[in-house]
Amino acid sequence: MDQRREAQANEINGSQSNENDGVSSKGPALRLYPCVEQKAENYEDLEEELEFSPHLYSALERHLPSSVLSSSRDNKVQYMTDILLRYSPRADRSRLQKHGEYRQKIISNYQPLHRVLYTMHAADFFVPSFIKAISENKEESFRKIMSEPSPGVFTFEMLQPRFCEMMLAEVQNFEKWVRETKFRIMRPNTMNKFGVVLDDFGLQNMLKKFMEDFIRPISTVFFTEVGGSTLDGHHGFVVEYGTDRDIDLGFHVDDAEVTLNVCLGKQFTGGELFFRGVRCEKHVNSDTQPDVFINRFFQQEIFDYVHVAGRAILHCGRHRHGARATTYGQRINLLIWCRSSVFRETRKYQTDFPSWCAECKREKEERIRQKASILKSELRLRTV
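Residues numbered from 1 in each chain as written. Predicted model: local features only at pLDDT ≥ 70, side-chain atom pairs only at ≥ 80, totals over all residues. Heavy atoms only, no water.

- If you check an unreviewed UniProt entry, the protein chain appears there as 2-oxoglutarate and iron-dependent oxygenase domain-containing protein CP2-like from Nicotiana tabacum.

Take a look at the structure:
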């Protein structure tokens with residue numbers, strides 16, 4: 001019956017769209033029920049040109065009127081864009097448009113120093129052991145090259161020294177261009193006053209491949225609970241610490257499902273990362289649990305990490321952390337915040353405790369323990 005209703009609705013929607021050539025008196029319209037026979041196209045190759053996420057276009061396509069559904073790809077893209085723009089908040093549309101113009105202005109005027117960085121060259125970027133593990137794409141292969149000094153925190157050799165040198169030189173070249181042209185750039189986030197957004201000056205496609213082909217396979221294995229297998233967006237940037245740069249970084253969580261952090265260099269002392277447990281929004285400011293207690297549930301929450309050039313650290317974005325003061329020299333790190341639109345959408349409807357939050361785990365176990373204790377007491381009373 002559901003299929004029959006859907007078919008009838010499709011016929012009604014189809015006839016309406018044919019009468020109006022797919023456009024209602026109020027503008028472009030969608031059919032109420034999706035066309036189940038339609039196989040949605042992949043729009044990722046148009047990401048640079050699209051106003052919204054390519055995945056959103058793929059999901060929306062099956063709701064197009066028949067007349068539009070059978071038309072050209074360009075026509076479908078324009079039709080869906082018109083609809084999305086109509087329902088997108090004006091402030092968001094304005095912000096996206098301005099950011100797009102900002103990026104285009106940089107890319108049109110900035111001359112890259114090392115063009116090899118702007119397309120993915122795995123053999124030139126990564127150490128052989130990392131490439132081998134990715135090609136095998138098995139948990140045991142990943143664990144061979146990794147250490148897990150604290151639950152959910154993975155460290156491994158990743159970047160070749162030559163890549164680190166070229167990326168440092170590219171960032172310095174971009175900053176030189178910024179100074180010479182007096183161009184005002186956007187910083188990576190609200191916490192860092194120094195550093196650059198790599199996506200803004202042309203490295204977006206390379207970092208997209210970086211995430212999809214070299215971070216997502218690992219995240220699919222180790223960060224499934226937080227959307228590691230559905231990573232589809234990123235924010236790539238470089239941060240700079242030193243006596244004449246940012247000194248340290250306060251306690252925080254990242255706007256990411258999975259975070260990759262790799263030290264590029266240079267010579268420095270200090271700057272250690274300190275971790276204090278994974279938390280959901282409700283418990284982000286809760287206390288770190290004593291070692292004795294956390295050993296029972298999630299082992300250890302207190303962990304400090306010393307940066308080594310070329311060595312990566314991968315962790316859940318909700319893992320609370322900060323950076324201690326860089327007391328000498330200059331420390332520069334490459335970060336990629338990896339995001340999952342699917343995980344973020346499903347999280348809105350979550351009613352139970354998130355299984356990845358250590359404090360939620362502790363509270364649930366405590367409730368179970370209390371219920372068990374009450375049940376034992378009741379049983380004792382019955383036997384008396």
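1. Describing the packing of helix 2 (residues 54-61) against helix 4 (residues 73-87)
Describing two packed helices takes the angle between their axes plus the distance from one axis to the other.
Right, so step 1: Contact pair helix 2 / helix 4: the axes reach a minimum separation of 11 Å and the direction vectors enclose 100°. One finds that helix 2 runs roughly perpendicular with respect to helix 4. Of the residues in helix 4, those in contact with Leu56, Tyr57, Leu60 and Glu61 of helix 2 are Lys76, Val77, Met80, Thr81 and Leu84.
Right, so step 2: Partitioned by chemical class, the residues of the contact of helix 2 with helix 4 number six nonpolar, one polar and two charged. (Axes fitted to C-alpha atoms, helices over the stretch in contact; angles between N-to-C directions. Helix = DSSP H or I, 4+ residues; strand = E, 2+ residues; numbered from the N terminus. Parallel < 35°, antiparallel > 145°, perpendicular 65-115°, else oblique. Contact = heavy atoms within 4.5 Å. Nonpolar A, V, L, I, M, F, W, Y, C, P; charged D, E, K, R; others polar.)

2. Side note on the packing of aromatic side chains
Right, so step 1: Applying the stated criterion to the full structure yields 22 aromatic pairs.
Right, so step 2: Note on Phe126 and Phe210: the rings are 5.2 Å apart at their centroids and 85° apart in plane angle, and the pair reads as edge-to-face. Of this pair, Phe126 sits in the loop between helix 6 (122-125) and helix 7 (128-136) while Phe210 sits in helix 10 (residues 204-222), placing them 84 residues apart in sequence. As far as burial versus exposure is concerned, Phe126 and Phe210 are alike and both buried. (Phe/Tyr/Trp six-rings, centres within 6.5 Å; stacked < 30°, edge-to-face > 60°. Buried < 20%, exposed > 50% of the residue type's maximum accessible area, 1.4 Å probe, protein only.)

3. Examining the pattern of salt bridges
Right, so step 1: In total, this model carries 22 salt bridges according to the counting rule given.
Right, so step 2: Glu41 serves as the salt-bridge partner of Lys76, at 2.8 Å between the closest nitrogen and oxygen. Placement of Lys76 in helix 4 and of Glu41 in the loop between strand 2 (27-28) and helix 2 is noted, with a sequence separation of 35 residues between them.
Right, so step 3: Given the relative accessible area of 3%, Lys76 is considered buried.
Right, so step 4: What makes Glu41 partly exposed here is its relative accessible area of 28%. (Salt bridge = Lys/Arg side-chain N within 4 Å of Asp/Glu carboxyl O.)

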